[in-house]
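Listed below, chain by chain, are the residues.
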Amino acid sequence: QQQVKQSPQSLIVQKGGISIINCAYENTAFDYFPWYQQFPGKGPALLIAIRPDVSEKKEGRFTISFNKSAKQFSLHIMDSQPGDSATYFCAASPYNFNKFYFGSGTKLNVKP
Amino acid sequence: DAGVTQSPTHLIKTRGQQVTLRCSPKSGHDTVSWYQQALGQEPQFIFQYYEEEERQRGNFPDRFSGHQFPNYSSELNVNALLLGDSALYLCASSFGHLSTDTQYFGPGTRLTVL
């Protein structure tokens, strides 16, 4: 059973547009929600992360929005660039240990 | 400062064989986690080591075992390989084992089982 559900599976965005990826979870023990970016043949790299006590976190062009009551969180990539083309994974972990449950991934393609 | 390193980069084995993968954590990190990522899928947690002991384990059979050495490096062993074990094996290290302790992933070892 998928602990973290991610959508869409794939996304095509024009250069300069906004990319939005959504995730949902059920386990209320989760309290840390990172987003990872993965290029082909590489390991995932941490982009940005959020705790449930914050509704939004922004780092450069990347913003996480978090809705604790709905158990949903999303990644917004502003001014998307071709170099952002990669697979993005949301993840969740309970506080006591960094054992991450990953979403199924979103393959982002930013068209020039 | 070197990040997480893994060896070998690629490996080809046949069914029934045994394999050992190696991971050196980022400098200063004491916790190592292993993930399996099948082609086109998300990483799946295998287990985590700190203080040289397995502390957390995912839904993987006992054929998957590991070890952490006093210098915090780690090995992943897989016995009696199956075709379904073909995947990218990722090592992640962190300083500490709480959720907020950032995990840094290595480039992975691509294992192909024929």
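Residues numbered from 1 in each chain as written. Chains lettered and ligands numbered in written order. Predicted model: local features only at pLDDT ≥ 70, side-chain atom pairs only at ≥ 80, totals over all residues. Heavy atoms only, no water.

This paragraph deals with the sheet that holds strand E6 (residues 56–59) of chain A. Residue and element names in this part refer to chain A. Taken in spatial order, the five strands line up as E1-E3-E8-E7-E6 in an open sheet, and their pairing is antiparallel. Taken across any chain shown, the strands that pair with only one partner, and hence form the sheet edges, are strand E1 (4–7) and E6. Here the average twist between neighbouring strands, direction ignored, is 15 degrees. Two strands pair when backbone bridges link them, and E6 and strand E7 (residues 62–67) are joined in this way by four bridges, in the antiparallel orientation. What sits directly across from Glu-56, in E7, is Ser-65. (Pairing = 2+ DSSP bridges. Helix = DSSP H or I, 4+ residues; strand = E, 2+ residues; numbered from the N terminus. Axes fitted to C-alpha atoms, helices over the stretch in contact; angles between N-to-C directions.)

According to the stated counting rule, one finds two disulfides over all chains in the structure shown. Here Cys-23 of chain A is linked by a disulfide to Cys-90 of chain A, with a sulfur-sulfur distance of 1.9 Å. Here the disulfide of Cys-23 of chain A and Cys-90 of chain A is left-handed, its torsion about the S-S bond being about -95 degrees. Here Cys-23 of chain A, found in strand E3 (residues 19–25), pairs with Cys-90 of chain A, found in strand E9 (residues 86–94); they are 67 residues apart in sequence, far enough to count as distant. Here Cys-23 of chain B engages in a disulfide with Cys-91 of chain B; their sulfurs sit 1.8 Å apart. In this structure the cystine formed by Cys-23 of chain B and Cys-91 of chain B twists about its S-S bond by roughly -60 degrees; its chirality is therefore left-handed. Pair noted here: Cys-23 of chain B is in strand E3 (residues 19–24) and Cys-91 of chain B is in strand E9 (residues 87–94), with a separation of 68 residues, a long-range link. Residues Cys-23 of chain B and Cys-91 of chain B agree in their burial class; the two are buried. (Disulfide = S-S within 2.5 Å. Buried < 20%, exposed > 50% of the residue type's maximum accessible area, 1.4 Å probe, protein only.)

Taken by themselves, the reported measurements are silent on function.
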